[in-house]
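The residues making up each chain are set out below.
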Amino acid sequence: MADQNNKKVVKVSDTEQDVAVSLAKYVADLSAKFAKERGSFTVVLSGGYLIDSIRKLTEPPYVDSVEWSKWHVFWVDERVVPRNHVDSNYKLAFDGFLSKVPIPAGQVYAINDALSAEGAAEDYQTVLKHLVDTGVLAKSSVTGFPKFDLMLLGMGPDGHVASLFPGHQLLEENVKWVTHIMDSPKLPPQRITFTFPVINSSAYIAMVVCGPGEVDAVYKALGKTENPELLPVQRVTPEEELRWFLDKVAASKLQE
Ligand SMILES: O=C(O)[C@H](O)[C@@H](O)[C@H](O)[C@H](O)COP(=O)(O)O
């Protein structure tokens, strides 16, 4: 299924294993494209299930063929906990992905865990501004916000992405690049998160959803239903392409 107008592609694979295989190919192809075009590849990770779904990149052929030295890695959201805490998205990504591929340590931009939620959000925004100034991170000519090459996102059962939850005032933030939340309904409550203008200024977004937990949210987002209020995930509109990676279970209501 492809829709040229809003650059949305929905790819349904038979199994979660097949999703992992096609996601690895997608990421590797974009890595090659941006390494060639820009000399660097800026990739944004999420927490949750996403890290497990990129596991094939840590195996042959990708572990040897991807130009890891071009990668610059960021987080779309982070929990305000120490980096070695079990709830840390950095720790999740390090244990499952970053420790297995040779990305230079100086190109992995973890969120500062020594600061308050508000301080860490401001600090991360300052880091991003510097990277835009030095040309590592592109800038959208459309919005003026930073333009990441690829964001790898997951979605929660309530349709949230990053730490942007249904009905929350942060959905409307349109000035800040990075902000903080003190009352996240998904625990832990204190987090920092990219805002929608930054998410939607990215070039490519992969939305990865597998298994039974998000069947209803997938149907609300992609099925032929009219929602009175858009789910956060329905506000995601990157500049080049939004590609959903679903397994048959997650897509089961779509195919009824
Ligand atoms: O910090 C977090 O909780 C994650 O970054 C979060 O934003 C995640 O991407 C979604 O909640 C989906 O999570 P699952 O993949 O576990 O459903």
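Residues numbered from 1 in each chain as written. Predicted model: local features only at pLDDT ≥ 70, side-chain atom pairs only at ≥ 80, totals over all residues. Heavy atoms only, no water.

**A few points about the UniProt feature "domain: Glucosamine/galactosamine-6-phosphate isomerase" (unreviewed entry) in the protein chain**
Next up, step 1: Under the UniProt annotation, "domain: Glucosamine/galactosamine-6-phosphate isomerase" (unreviewed entry) lies at residues 15-244.
Next up, step 2: This span, residues 15-244, is 30% helix and 17% strand, and a straight line between its end C-alpha atoms measures 14 Å. (UniProt positions renumbered as here; feature names shortened; annotations may be inferred. Helix = DSSP H or I, 4+ residues; strand = E, 2+ residues; numbered from the N terminus.)

**Some remarks on the pairing of strand 10 (residues 191-194)**
As a general feature of sheets, a regular strand has side chains that alternate between the two faces.
Next up, step 1: Of the two faces of strand 10, both are covered, the one formed by R191 and T193 as well as the one formed by I192 and F194.
Next up, step 2: Bridging between strand 9 (residues 178-181) and strand 10 involves four bridges; their strand directions are antiparallel. Counted as the bridge partner of T179 is T193 from strand 10. (Buried < 20%, exposed > 50% of the residue type's maximum accessible area, 1.4 Å probe, protein only. Pairing = 2+ DSSP bridges.)

**A look at the sheet that holds strand 10**
Next up, step 1: Strand order in the open sheet formed by three strands is 5-10-9, with antiparallel pairing between adjacent strands. Since the sheet does not close on itself, it has two edges, and those belong to strand 5 (77-79) and strand 9, each with one partner. Adjacent strand axes in the sheet meet at a mean angle of 20° when their direction is disregarded.
Next up, step 2: Packing against the sheet, helix 5 (residues 117-133) makes contact with strand 9 and strand 10, and its axis sits at approximately 165° to strand 9. (Axes fitted to C-alpha atoms, helices over the stretch in contact; angles between N-to-C directions. Contact = heavy atoms within 4.5 Å.)

**Concerning helix 1 (residues 16-38)**
Next up, step 1: With 23 residues, helix 1 extends 32 Å from end C-alpha to end C-alpha; this agrees with the ideal 33 Å at 1.5 Å per step.
Next up, step 2: Following helix 1 by one or two positions, G39 has its phi on the positive side, about 80°. (Expected span 1.5 Å × (residues − 1).)

**Some points on the site of the ligand**
Next up, step 1: Around the ligand, 15 residues are found, and the nearest of them are D77, R79, H160, A162 and K186.
Next up, step 2: A distance of 2.5 Å separates an oxygen atom of the ligand from a polar atom in the side chain of D77.
Next up, step 3: One of the side-chain nitrogen or oxygen atoms of R79 is found 2.7 Å away from an oxygen atom of the ligand.
Next up, step 4: Summarising the interface, the protein chains cover 90% of the accessible area of the ligand, which totals 420 Å² for the free molecule.
Next up, step 5: The site holding the ligand turns out to be the largest pocket. (Near = heavy atom within 4 Å. Polar contact = N/O pair within 3.5 Å; in protein donor to acceptor, adjacent residues only side chain to side chain. Areas by Shrake-Rupley, 256 points an atom, 1.4 Å probe, with all protein chains shown as cover. 1 Å grid on protein atoms, 1.4 Å probe; cavity = no way out; pocket = protein on both sides within 12 Å on 5 of 7 lines; lining within 4 Å. Sits in = over half its atoms within 2 Å of the grid points.)

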